[in-house]
Amino acid sequence: MKALSTILLVAESRLYQLLEVLPLGVAVIEKDGNYSYINQTGQKLLGAGQIINLPSEHIASAYQIYRAGTKQLYPSEQLPSVQALAGKAADADDLEIYRQGKAIALQMKVIPVFDDRGEVAYAIAILQDITKHKQTEQDITARKDAEDALKKREAQFRKLAENVPGMIYRYILHPNGSDEFTYLSPRCREIYEIAPELIIQDSQRMWSLVHPDDSLSIQTLIAESLHKPQSINIEHRIVTPSGCVKWIQVIAQAEQQPNGDSIWDGVVIDITERKYTEQLLADYNRTLEQQVRERTIALEQEIWERKRAEDVAKAAEIALRKANLELERLVTLDGLTQVANRRRFDEYLSQEWRRMAREQQYLGLILCDVDYFKSYNDYYGHQAGDTCLKNIAAAMRNTLKRPADLVARYGGEEFAVILPYTAIQGAVAVAQAIQKAIKLLRLPHIQSQISDFITVSFGVSSLIPTHNLQRETLIAAADRALYQAKKQGRDRIVCV
């Protein structure tokens, strides 16, 4: 028996020696919550030795264990050690402790050990410093976020390139005379009838399409650019693989690189139709001149009468065209404020609703109402009220920066702004800019119950249109927000 005890003591001593040199923290937690054993690594991680008679609810504060990424103590009831003593094996990797001002990410695995009656006798805890592992995960996440952002920017550029009315390209001319195209947008197929990838592989595929009569001028331009790059805006012809002759306009900005490369970023536009029209007009003029030269003196009176008739017809046509343009303008323009009217608002909202639904992009809407405008009209008169609305409309129109944004008179003293490609944050920012612009007008309004000057209440909404929604949903949301803005005291912006 004595020999057996000696063997057990030796085995136990070796076990503790092994535990003391482990790079993992090891602890034995008694049923009452006390740590009856913590190896050296565990003591370094926890920054404390065995704490006797420590209630479970004080474990997190005693060992200064925090929820990772916060300054909040880890809830004691959620600690793996507390859960294990309740009979459930637990594992957590979101623990954090601070040692010498540095945060250490901690993983704790605890398993309960049961006695013969099936009750928890004690628990064994494994502690591990996973700071480097967490940092690696964060690095991977940051790198993935950066890659996602780059992909998003590339997608935005591709969408822009696909919608530009022409082919965007980058062309590089090297000092040794060699050249290459490093980028051509998809419209290359439409204009040149050849895939962009083939031209990127071999730039001569592009130059081989230049019309023979224009080839010399293009070659001269390239040769001159070897010495000094210059921005270009030229028109020339190409012959596509199908044999079609096209006129193109090439516009490019030149830039000299330190290594001697000359880079042109530019756009190619198909102007065949315009050239065809110009040619028809030139041919017509030449024919007319020839006919005039062939006329005899005897027909001078007839020519004069005909010219007079043509002038009258042309004047009538011009007058009719101007009248039609003015009528179209009047139909879609509010006569008082000179911004879009309600009819144009409805047409444009339907148009942009369908477009944003196709592209799955946000469509923003702002509804705004001049505060206490009836009191303004009653006090200052309707003529002053009309002038006030004109000034407000002009301020709103001047605040909008993008061509696709539309300001309209929605009715009476109410205005609306349609904002394609605009989420709720962007729409609120536009509303804030409009509110600031109107306040800068400092239009007196002594009858207002909230200010000595004209103020405006705003309701803002934004959503991605779908086939299951109606555009009235967007209007109703902005209208509810405008109602809340008025209900909350006016002169404010409310979004939903």
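The preceding data block contains the structure.
Residues numbered from 1 in each chain as written. Predicted model: local features only at pLDDT ≥ 70, side-chain atom pairs only at ≥ 80, totals over all residues. Heavy atoms only, no water.

## Concerning the overall build of the protein
Consideration 1: Assigned secondary structure in the protein consists of 16 helices and 16 strands.
Consideration 2: With 496 residues in all, the protein has 36% of them scored as buried.
Consideration 3: Within the protein, residue pairs in contact and separated by at least 24 positions form 54% of the contacts whose partners lie at least 6 positions apart.
Consideration 4: Approximately 29,600 Å² of the protein is accessible, and the part contributed by carbon and sulfur atoms is 54%. (Helix = DSSP H or I, 4+ residues; strand = E, 2+ residues; numbered from the N terminus. Buried < 20%, exposed > 50% of the residue type's maximum accessible area, 1.4 Å probe, protein only. Contact = heavy atoms within 4.5 Å. Areas by Shrake-Rupley, 256 points an atom, 1.4 Å probe, with all protein chains shown as cover.)

## Points about the packing of aromatic side chains
Consideration 1: Counting across every chain of the model gives 10 aromatic pairs.
Consideration 2: Centre to centre, the rings of Phe-373 and Tyr-376 are 5.8 Å apart; their planes meet at 10°, and the pair counts as stacked. Remark: Tyr-376 and Phe-373 occur in helix 13 (residues 373-380); sequence separation between them is 3 residues, near one turn of the helix. Like Tyr-376, Phe-373 is buried.
Consideration 3: Where Tyr-379 meets Tyr-380, the ring centres are 4.8 Å apart and the plane angle is 80°; that geometry is what we call edge-to-face.
Consideration 4: Judged by its relative accessible area of 29%, Tyr-380 is partly exposed.
Consideration 5: One residue, Arg-67, lies across the ring of Tyr-74, its end atom 4.5 Å from the ring centre.
Consideration 6: Above the plane of the ring of Tyr-410 lies Arg-342, whose end atom (NZ or CZ) is 3.9 Å from the centre. (Phe/Tyr/Trp six-rings, centres within 6.5 Å; stacked < 30°, edge-to-face > 60°. Lys NZ or Arg CZ within 6 Å of the ring centre and 35° of its normal.)

## Here's the deal with helix 12 (residues 342-359)
Consideration 1: Counted at 1.5 Å a residue, the expected span for helix 12 with its 18 residues is 26 Å, and the 25 Å between its end C-alpha atoms agrees.
Consideration 2: Taken together, the buried positions of helix 12 are occupied by Phe-345, Tyr-348, Leu-349, Ser-350, Glu-352, Trp-353, Met-356 and Ala-357.
Consideration 3: Residues of helix 12 that are buried sit in contact with strand 12 (363-370), strand 13 (406-411), strand 14 (414-420), strand 15 (456-463) and helix 16 (471-487).
Consideration 4: Two or three places before Arg-343, at the start of helix 12, stands the capping residue Asn-341, its side-chain oxygen 3.3 Å from that residue's backbone nitrogen.
Consideration 5: Downstream of helix 12 by a residue or two, Gln-360 has a phi angle that is positive, lying close to 55°. (Expected span 1.5 Å × (residues − 1). Polar contact = N/O pair within 3.5 Å; in protein donor to acceptor, adjacent residues only side chain to side chain.)

## Observations regarding the sheet that holds strand 1 (residues 25-30)
Consideration 1: Judged by pairing direction, the sheet is antiparallel, and its 6 strands sit side by side in the order 2-1-6-5-4-3 without closing on themselves. Two strands bound the open sheet, and with one partner strand each, they are strand 2 (35-38) and strand 3 (66-67).
Consideration 2: In the sheet, strand 1 pairs with strand 2 via 3 bridges, with the strands oriented antiparallel. Its bridge partner being in strand 2, Ile-29 is matched across the sheet by Tyr-35. (Pairing = 2+ DSSP bridges.)

## Observations regarding the pattern of salt bridges
Oppositely charged side chains can form a pair if their charged atoms are brought close together.
Consideration 1: Counting across every chain of the model gives 25 salt bridges.
Consideration 2: One salt bridge in this structure joins Arg-187 and Glu-190, with 3.1 Å as the shortest N-O distance. Residue Arg-187 and its partner Glu-190 are located together in helix 6 (residues 187-192), separated by 3 residues, close to a single helical turn.
Consideration 3: We classify Arg-187 as partly exposed; its relative accessible area is 24%.
Consideration 4: We classify Glu-190 as exposed; its relative accessible area is 53%.
Consideration 5: With a shortest N-O distance of 3.4 Å, Glu-197 and Arg-189 are connected by a salt bridge. (Salt bridge = Lys/Arg side-chain N within 4 Å of Asp/Glu carboxyl O.)

## Thoughts on the nonpolar core
Consideration 1: Grouped together as the largest cluster of nonpolar side chains are 29 residues, with contacts concentrated most on Ile-366, Ile-392, Met-396, Phe-415, Val-417, Ile-438 and Ile-454.
Consideration 2: Of all elements in the fold, only strand 12, helix 13, helix 14 (382-399), strand 14, helix 15 (424-441) and strand 15 reach the threshold of two or more residues within this core.
Consideration 3: Counting residues in hydrophobic clusters, the runner-up holds 24 residues, among them Ala-27, Tyr-35, Leu-46 and Ala-92. (Core = buried A, V, L, I, M, F, W, Y, C linked by side-chain atoms within 4.5 Å.)

## Brief notes about the sheet that holds strand 16 (residues 493-495)
Consideration 1: Here 5 strands make up an open sheet; going across it, the order is 13-14-12-15-16 and the pairing mixed. The sheet is open, and its two borders are formed by strand 13 and strand 16, each paired with just one other strand. For this sheet the average axis-to-axis angle between neighbouring strands, irrespective of direction, equals 20°.
Consideration 2: Alignment of strand 12 against strand 15, held across 8 bridges, turns out to be antiparallel. Pairing of Val-370 across the sheet is with Val-456, part of strand 15.
Consideration 3: Sheet strands in contact with helix 14 are strand 12, strand 13 and strand 14, and its direction is about 10° off that of strand 14.
Consideration 4: Across the sheet, helix 16 touches strand 12, strand 13, strand 14, strand 15 and strand 16, and the angle it forms with strand 15 is around 145°. (Axes fitted to C-alpha atoms, helices over the stretch in contact; angles between N-to-C directions.)

## Examining the packing of helix 13 against helix 14
Consideration 1: Contact pair helix 13 / helix 14: the axes reach a minimum separation of 7 Å and the direction vectors enclose 135°. Between helix 13 and helix 14, the crossing angle belongs to the class labelled oblique. Along its contact with helix 13, which presents Phe-373, Tyr-376, Asn-377 and Tyr-380, the element helix 14 presents His-382, Ala-384, Gly-385, Cys-388 and Leu-389.
Consideration 2: Grouping the amino acids of the contact of helix 13 with helix 14 by side-chain chemistry returns 6 nonpolar, 3 polar and no charged. (Parallel < 35°, antiparallel > 145°, perpendicular 65-115°, else oblique. Nonpolar A, V, L, I, M, F, W, Y, C, P; charged D, E, K, R; others polar.)

## Thoughts on helix 13
Consideration 1: Those residues of helix 13 that fall on the buried side of the exposure criterion are Phe-373, Tyr-376 and Asn-377. Looking straight down helix 13, one finds its buried side chains confined to an arc of 95°; they lie on one side. Counted as exposed and oriented over 90 degrees from the buried face of helix 13: Lys-374 and Asp-378.
Consideration 2: On the buried face of helix 13, the contacting elements are strand 12 and helix 14.
Consideration 3: One or two steps after helix 13, the chain reaches Gly-381, where phi turns positive at roughly 100°. (Arc of directions from axis to C-beta.)

Interpretation in functional terms is not warranted from these geometric data alone.
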